[in-house]
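Results of the structural survey
Below are the chains, spelled out letter by letter.
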Amino acid sequence: MLSRVVAGVLLAACVAVVAFEPPSSDVLLSGLLWVPLFAAATMTRISLLPQLEVTATLSSIVIVAAALLLPASAVVLFALVGLLSREELNGRATLAMALFNRSQMALAGALVA
């Protein structure tokens, strides 16, 4: 129950950022590049400790790059749409887990922007 509440609060914060300063149409058009880039970066896994199955993704790097080039609302919007995980695609992630993961990464990008 608590995880659903936290995921909802984070998602509401993301919606507030986008509603406060909606991205322009030019920035939205650049989403055709950024959304697949977010998805590819999230799906690319780097093995840190193979014995313990510890991996990392490149999503944080792409979020920082987007935050340097785009307004905060665009970073939030593109991150919410583009960030995928293998657990989501395999059906192992709950809705609350997916919303939490996407929202916290999107808000991190907004803070950097």
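Shown above is the structure to which this text applies.
Residues numbered from 1 in each chain as written. Predicted model: local features only at pLDDT ≥ 70, side-chain atom pairs only at ≥ 80, totals over all residues. Heavy atoms only, no water.

So, on to helix H1 (residues 2–20). Look at H1: 27 Å from first C-alpha to last across 19 residues, which is about the 27 Å you get at 1.5 Å a residue. Inspection of H1 places Ala7, Leu10, Cys14 and Val18 among the buried residues, and these make up the whole buried set. Seen end-on, H1 carries its buried residues on one side only, within an arc spanning 85°. Exposed residues on H1 whose side chains face more than 90 degrees from its buried face are Leu2, Val9, Val15, Ala19 and Phe20. Close packing links the buried residues of H1 with helix H4 (72–82) and helix H6 (95–112). (Helix = DSSP H or I, 4+ residues; strand = E, 2+ residues; numbered from the N terminus. Expected span 1.5 Å × (residues − 1). Buried < 20%, exposed > 50% of the residue type's maximum accessible area, 1.4 Å probe, protein only. Arc of directions from axis to C-beta. Contact = heavy atoms within 4.5 Å.)

Here we take up the pattern of salt bridges. A full pass over the atoms with the stated rule returns two salt bridges. Glu87 is the partner of Arg45 in a salt bridge, and the nearest nitrogen-oxygen pair spans 3.6 Å. With a gap of 42 residues between them, Arg45 in strand E1 (residues 45–49) and Glu87 in helix H5 (residues 86–90) connect regions that are remote in the sequence. Between Arg102 and Glu88 there is a salt bridge, with the nearest N and O atoms lying 2.8 Å from each other. Taken as a pair, Arg102 in helix H6 and Glu88 in helix H5 lie far apart in primary sequence, 14 residues in all. Judged by its relative accessible area of 15%, Arg102 is buried. (Salt bridge = Lys/Arg side-chain N within 4 Å of Asp/Glu carboxyl O.)

Considering only enclosed or pocket space, the largest pocket measures out at about 240 Å³ in volume. If you go around the largest pocket, you meet 14 residues; those closest to its centre are Thr42, Ser59, Leu84, Ser85 and Asn101. Secondary-structure elements contributing two or more residues to the lining of the largest pocket are H5 and H6. Among the residues making up the lining of the largest pocket, the classes are represented as four nonpolar, six polar and four charged. (1 Å grid on protein atoms, 1.4 Å probe; cavity = no way out; pocket = protein on both sides within 12 Å on 5 of 7 lines; lining within 4 Å. Points joined across faces, edges and corners; volume = space filled by probe spheres on them. Nonpolar A, V, L, I, M, F, W, Y, C, P; charged D, E, K, R; others polar.)

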